[in-house]
Amino acid sequence: MSVTSTEVPARVADRPHRIALMAFMVVVLAHWAEHLAQAAQIYVLGWPTAQARGVLGIPFPALISSEWLHYGYALVMLVGLFVLRKGFAGRSRQWWDLALALQFWHHIEHLLLFVQAQTGWRLGGAAVPTSIVQLIVPRVELHLFYNTIVTIPMVIAVVLHQRARAA
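Quick caveat, the model's predicted, so the values are computed rather than measured.

1. Structural notes on the nonpolar core
Taken as a class, soluble globular proteins show a tendency for nonpolar side chains to be buried jointly. Counting residues in each nonpolar core, the largest one holds 23 residues, and the members touching the most others are Phe24, Met77, Leu81, Trp96 and Met154. Put simply, the parts of the chain that give this core at least two residues each are helix H1 (10–43), helix H3 (67–84), helix H4 (90–119) and helix H5 (139–166). Looking at this core element by element, the count peaks at seven residues for H1. Non-local contacts of Phe24, meaning those with residues more than four positions away in its chain, are made with Val76, Met77, Gly80, Leu81, Leu84, Trp96 and Met154.

2. Remarks on the pattern of salt bridges
Enumeration over the complete set of coordinates arrives at four salt bridges. Across the pair Arg139 and Glu67 runs a salt bridge, and its minimum N-O distance is 2.9 Å. Of this pair, Arg139 sits in helix H5 while Glu67 sits in helix H3, and the two are 72 residues apart along the sequence. Look at Arg139 and you get partly exposed, because its relative accessible area is 24%. In this structure, Asp97 engages Arg85 in a salt bridge whose closest nitrogen and oxygen atoms are separated by 2.6 Å. In this pair, Asp97 sits in helix H4 while Arg85 sits in the loop between H3 and H4, placing the two residues 12 residues apart along the sequence. When salt bridges with common partners are traced through the structure, they connect Arg85, Arg93 and Asp97 into a single cluster.

3. Regarding a nonpolar patch on the surface
Taken together, the side chains of Tyr43, Val44, Leu45, Trp47 and Ile58 present a nonpolar region at the surface, about 520 Å² in accessible area. Note on Ile58: relative accessible area 35%, which makes it partly exposed.

4. Points about H4
Taking 1.5 Å per residue as the helical rise, H4 with its 30 residues ought to reach 44 Å, and the 43 Å between its terminal C-alpha atoms agrees with that figure. At the C-terminal side of H4, Gly120 shows a positive phi close to 90 degrees.

5. Notes on the packing of aromatic side chains
Evaluated as defined, the whole model comprises five aromatic pairs. Judged by centre distance (5.1 Å) and plane angle (25 degrees), the rings of Tyr71 and Phe114 are stacked. Of this pair, Tyr71 sits in helix H3 while Phe114 is found in helix H4, placing the two residues 43 residues apart along the sequence. Residues Tyr71 and Phe114 agree in their burial class; the two are buried. Members of the aromatic cluster, joined through ring pairs, are Phe24, Phe88 and Trp96.

About the thresholds
- Residues numbered from 1 in each chain as written.
- Predicted model: local features only at pLDDT ≥ 70, side-chain atom pairs only at ≥ 80, totals over all residues.
- Heavy atoms only, no water.
- Core = buried A, V, L, I, M, F, W, Y, C linked by side-chain atoms within 4.5 Å.
- Buried < 20%, exposed > 50% of the residue type's maximum accessible area, 1.4 Å probe, protein only.
- Helix = DSSP H or I, 4+ residues; strand = E, 2+ residues; numbered from the N terminus.
- Contact = heavy atoms within 4.5 Å.
- Salt bridge = Lys/Arg side-chain N within 4 Å of Asp/Glu carboxyl O.
- Patch = residues over 30% accessible without salt bridge, like charges linked within 9 Å, V, L, I, M, F, W, Y side chains within 5 Å.
- Areas by Shrake-Rupley, 256 points an atom, 1.4 Å probe, with all protein chains shown as cover.
- Expected span 1.5 Å × (residues − 1).
- Phe/Tyr/Trp six-rings, centres within 6.5 Å; stacked < 30°, edge-to-face > 60°.

This is the structure we're talking about:
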């Protein structure tokens, strides 16, 4: 089979997407490591929530208290899910789109927290920035939940995507 200048073999055209997807998944895994470390600090080691700051939050406490960091990560996730979307098709695209929709809501919650941190206004008169669902679910547990419901369809999408590529 000859390849003309306008045709690119699928494996070559797919390479930037694969590299970007791998980099994105490394970021997701690192974020999960932080949340799991924080959960272990609270539920296994018995640390008070205020002292349970994950791995990077121990040497750099400002990281965990910075809404800039949390909002920035939510935005990176949203943009990453949107940009990588075009590389998925069929059932993997449906699962990826579900992760994107769920992350959009997660992003809205972080935007609300970010606005409160910047302005001093507090939702429901709370003492600290509070998201909508956080009015009924504590923040640590809520973020574990949000990350779980975004990650599960994302992983399903990647597995289906890899199977389709292998076939």
